[in-house]
Every structure is written in structure tokens, then in C-alpha cells.
Amino acid sequence: MISLEDLEAEARFVAKNAKHNLKLVKQQSAVIDPAKLESNIKWLEMMIDLHQRDLAAAKEQMKKARLAGRTSLRTRLKYLVASILREDRPKRKGEAV
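Residues numbered from 1 in each chain as written. Predicted model: local features only at pLDDT ≥ 70, side-chain atom pairs only at ≥ 80, totals over all residues. Heavy atoms only, no water.

## Considerations on the overall build of the chain
Right, on to step 1. Scanning the chain from terminus to terminus reveals three helices and zero strands.
Right, on to step 2. If you list the helices and strands of the chain from N to C, you get α-α-α.
Right, on to step 3. Across the 97 residues that make up the chain, the buried fraction comes to 9%.
Right, on to step 4. By element, 58% of the accessible surface of the chain is carried by carbon and sulfur atoms, the whole surface being about 9,000 Å². (Helix = DSSP H or I, 4+ residues; strand = E, 2+ residues; numbered from the N terminus. Buried < 20%, exposed > 50% of the residue type's maximum accessible area, 1.4 Å probe, protein only. Areas by Shrake-Rupley, 256 points an atom, 1.4 Å probe, with all protein chains shown as cover.)

## Focus: helix H1 (residues 4–27)
Right, on to step 1. Taking 1.5 Å of rise per residue, the 24 residues of H1 would be expected to cover 34 Å, and the 34 Å separating its terminal C-alpha atoms lies within 8% of that figure.
Right, on to step 2. All buried positions along H1 are accounted for by Ala 15, Ala 18, Leu 22 and Val 25. (Expected span 1.5 Å × (residues − 1).)

## Some remarks on the nonpolar core
Right, on to step 1. One finds Ala 15, Ala 18, Leu 22, Val 25, Ile 41, Leu 44, Met 47 and Ile 48 forming the largest nonpolar core, which totals eight residues.
Right, on to step 2. Among the secondary structure elements, those contributing two or more residues to this core are H1 and helix H2 (34–67).
Right, on to step 3. When residues no more than four places from it in sequence are discounted, the contact partners of Ile 48 are Ala 18, Lys 19 and Leu 22. (Core = buried A, V, L, I, M, F, W, Y, C linked by side-chain atoms within 4.5 Å. Contact = heavy atoms within 4.5 Å.)

Here you go:
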């Protein structure tokens, strides 16, 4: 039995490649059954839209994650640089400079 995660992964794969596939379908439209051509093009356009919505949702989720208290890359780098600069100082009170 196929899991929901497998179906989502397959849909994302198809949606990601839909733009390329649509280009190929339009270039080689003579090879495709004319009765199915229009429905295939509409399906690929729907998959392209799905991919764009998926990317937008992922971007929004990342934005919300940062608002929820997770630090940004800039903040983490700032703390890392500050910790490196502080290492020049003595680590204990008893050590000489």
C-alpha cells in the first residue's frame, strides 16, 4: 500500500518537472493523440501551479518559523563571529594576557 508521504513526494516530483514536460509536449504535439493533447496540457499547467503554490507555502512556513523564535542565519553568524573575537581574551580570571 502506498503511503501518503510517497504520494506527496511523487506529486512534488511531477510538479517540479511539469514545466519541462509541458515544453516537450508543445514541441512534439504531432506525436501525441490530438484528443488527449488539450487535457495533457491543462494537467501539466495544473501541476506547474501546484509546484508554485507548494514553493510559496514552504516560503511562508519558513517565514513563520523565524517569527516563532528561531534565529536567522544572520543572527547565528553574528553570534559565531562574536564568540571567535572573544577567544582572544583570557578564559579564566587567573590567566595573564
